[in-house]
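# Close look at the chain arrangement
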Amino acid sequence: MGIALNTTNQTLAQTEELLKEFSGQGCLSFPQWQHESFAVLQSSGISKAHWYNILLKKIVAPAITKISQESISSKEVDRILTDLRRHYNKSLEIAAAITSVHILAGKT
């Protein structure tokens, strides 16, 4: 498959397990998810060319609907992330998502 693992011998399955799913509905913001996902992928030793398939498995509805078909077809990680940034990096949307989670959680 052309996947080069670093000396940690971290498998593809272990790498996928370490990545959090991102739906755009929850207290995990897109910038936070992207930062954590990139840290996991960069330390895994997996080539960036193979990040596309791994990341798409971890992006679930409704966030997946924010990615254009052109970006998905291109198989370019940067285009996919640009589409997600366009929607989720807006601070008001992030604040609204966090507020929704607090409302759903109710009183503590």
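Here, every reference points to the structure presented above.
To start, this report covers the structure provided alongside it. These numbers come from a predicted model, not from an experiment.

## A few points about the packing of helix α2 (residues 30-44) against helix α3 (residues 51-58)
Contact geometry of α2 with α3 gives a least axis separation of 12 Å together with a crossing angle of 140°. If you check the angle between α2 and α3, you find them oblique. Like other packed secondary-structure pairs, α2 and α3 cross with a definite hand, here right-handed. Taken together, the residues of α3 that come into contact with α2 (itself represented by Trp-33, Ser-37, Phe-38, Leu-41 and Gln-42) are Trp-51, Ile-54, Leu-55 and Lys-58. Looking at the contact of α2 with α3 residue by residue, the classes come out as six nonpolar, two polar and one charged.

## Describing the environment of Glu-93
Residue placement: Glu-93 occurs in helix α6 (residues 91-105). Here the alpha-carbon distance between Glu-93 and Gly-24, two residues 69 residues apart in the chain, equals 9.5 Å.

Cut-offs applied
Residues numbered from 1 in each chain as written. Predicted model: local features only at pLDDT ≥ 70, side-chain atom pairs only at ≥ 80, totals over all residues. Heavy atoms only, no water. Axes fitted to C-alpha atoms, helices over the stretch in contact; angles between N-to-C directions. Helix = DSSP H or I, 4+ residues; strand = E, 2+ residues; numbered from the N terminus. Parallel < 35°, antiparallel > 145°, perpendicular 65-115°, else oblique. Left-handed = near helix turned anticlockwise from the far one by under 90°. Contact = heavy atoms within 4.5 Å. Nonpolar A, V, L, I, M, F, W, Y, C, P; charged D, E, K, R; others polar.

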